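A structural walkthrough
Each chain, written out:
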Amino acid sequence: MVQKTYDTIIVGAGPAGLTAGIYAARIGLKTLILEGKLPSGRAIEAAVVENFPRFPHGITGAELIQRMTDQAKRFGAELNFPEEVVDINLSGETKIANTKKEAYQARALILSTGAQRKKLLVPGACMHVVRVPLEMARSSSTNGGI
């Protein structure tokens, strides 16, 4: 497999991955963002995102992701989706990300794969378990709950 070379490869195109791509491309690094589905992460599920800088009155998750994607492209980041990373090699100076289509190499590889809900393993259950860091749970329990 022929390897395409970049300065930075980012795996994941949610808000964190797109932000990394914006900053990397903005300083002139040849940047590739790989996403197995569509750029969005969990933000796409939000009707309104009210805690993101520059949007004092909120913004929909879909619009936020679209703006971030447009900005990353404007600075020169290459976005490949759907292109799922199936294997990575972090040994050595050159990092390698393999997809079913291509092999990519870069001096830096950023993993920004986001969060996944854990399904409740009870027959017929539609609920999801959300993992909360222990410190957050402790502080919330003293402040009236999560």
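Before reading further, recall that the structure is shown in the block above.
Residues numbered from 1 in each chain as written. Predicted model: local features only at pLDDT ≥ 70, side-chain atom pairs only at ≥ 80, totals over all residues. Heavy atoms only, no water.

1. Re the pattern of salt bridges
Convention followed: The working definition used for a salt bridge is a side-chain nitrogen of Lys or Arg within 4 Å of a carboxyl oxygen of Asp or Glu. Note on conventions: DSSP H or I runs of at least 4 residues are helices, E runs of at least 2 residues are strands, and numbering of each starts at the N terminus.
Inspection of every chain in the model, using the stated rule, returns 1 salt bridge. A salt bridge links glutamate 63 to arginine 67, with the nearest nitrogen and oxygen atoms 2.9 Å apart. You can see glutamate 63 and its partner arginine 67 sitting in helix H2 (residues 61-74), 4 residues apart, about one turn around the helix.

2. Here's the deal with the nonpolar core
Buried together is how nonpolar side chains tend to be arranged in soluble globular proteins. How we decide: By nonpolar core is meant a set of buried Ala, Val, Leu, Ile, Met, Phe, Trp, Tyr and Cys residues that side-chain atoms within 4.5 Å join together. Here the term buried applies to any residue with accessible area under 20% of the maximum for its type, exposed to any over 50%, and partly exposed to those in between, with areas from a 1.4 Å probe on protein chains only. Every residue pair with non-hydrogen atoms within 4.5 Å of one another is taken to be in contact.
Core analysis: the largest hydrophobic core is formed by 17 residues, its most contacted members being Leu18, Ile33, Leu64, Ala72, Ala77 and Leu79. Put simply, the parts of the chain that give this core at least two residues each are helix H1 (15-26) and H2. If we ignore the near neighbours within four places in the chain, the residues touching leucine 18 are Ala13, Ile33, Ile65, Met68, Thr69 and Leu79. Counting residues in hydrophobic clusters, the runner-up holds 9 residues, among them Tyr6, Ala97, Tyr104 and Leu109.

3. Quick notes on the sheet that holds strand S6 (residues 103-111)
The condition is simple: A pair of strands is labelled paired if DSSP reports no fewer than 2 bridges between them. For every element, the axis is a line fit to its C-alpha atoms; helices are fit only across the contacting stretch, and the angle between N-to-C directions ranges from 0 to 180 degrees.
Read across the sheet, 6 strands follow the order S3-S2-S1-S6-S5-S4 without closing on themselves; strand pairing throughout is mixed. The open sheet has two edge strands, strand S3 (78-80) and strand S4 (85-89), and neither has a second partner. Adjacent strand axes in the sheet meet at a mean angle of 40° when their direction is disregarded. The sheet contacts of H1 involve strand S1 (3-11), strand S2 (31-34), S3 and S6, and relative to S2 the element is tilted by about 170°.

4. A look at the layout of surface pockets
Note the following rule: Space inside and on the surface of the protein is sampled on a 1 Å grid over the protein atoms alone, with a cavity defined as a set of points where a 1.4 Å probe fits but cannot get out and a pocket as an open set with protein on both sides within 12 Å along at least 5 of 7 lines; lining residues have an atom within 4 Å of a point. Grid points are joined across faces, edges and corners, and a volume is the space filled by probe spheres set on the points. Ten residues, namely Ala, Val, Leu, Ile, Met, Phe, Trp, Tyr, Cys and Pro, are considered nonpolar, four, namely Asp, Glu, Lys and Arg, are considered charged, and the remaining ones, Gly among them, are considered polar.
Quantified by volume, the second largest pocket comes out at close to 310 Å³. The wall of the second largest pocket is formed by 13 residues, among which Ile22, Phe52, Arg54, Met68 and Gln71 lie closest to the centre. Of all elements in the fold, only H1 and H2 reach the threshold of two or more residues within the lining of the second largest pocket. Of the residues that constitute the lining of the second largest pocket, the class distribution is 8 nonpolar, 2 polar and 3 charged.

5. Section: H1
Rule in force here: To estimate how far a helix should reach, multiply one less than its number of residues by 1.5 Å.
The end-to-end C-alpha distance of H1 is 16 Å, a good match for the 16 Å that 12 residues give at a rise of 1.5 Å each. Those residues of H1 that fall on the buried side of the exposure criterion are Gly17, Leu18, Ala20, Gly21, Ile22, Ala24 and Ala25. Those residues of H1 hidden inside the fold are in contact with S1, S2, H2, S3 and S6. At the exit of H1 stands glycine 28, carrying a positive phi of roughly 95°.

6. A few points about the side chain of glutamate 83
Here is the rule we go by: As used in this structure description, the phrase polar contact means that two N or O atoms lie within 3.5 Å; if the pair is within protein, one of them must be able to donate a hydrogen and the other to accept it, and residues adjacent in sequence are counted only when both atoms belong to side chains.
One can find glutamate 83 in the loop between S3 and S4. Within the structure, the side chain of glutamate 83 is placed 3.2 Å from the side chain of asparagine 80, a separation counted as a polar contact. Within the local environment of glutamate 83, its side chain forms a polar contact with the side chain of threonine 99, the two groups lying 2.8 Å apart. The contact partners of glutamate 83, leaving out residues within four places of it in the chain, are Leu34, Glu35, Gly36, Thr99, Lys101, Glu102 and Tyr104.

7. Points about the environment of glutamate 78
Residue placement: glutamate 78 occurs in strand S3. Glutamate 78 gets classed as partly exposed once you look at its relative accessible area, which sits at 32%. Each C-alpha atom, one on glutamate 78 and one on isoleucine 33, is 6.1 Å from the other, the two residues being 45 residues apart in sequence. A distance of 2.8 Å separates a polar atom in the side chain of glutamate 78 from a polar atom in the side chain of tyrosine 6.

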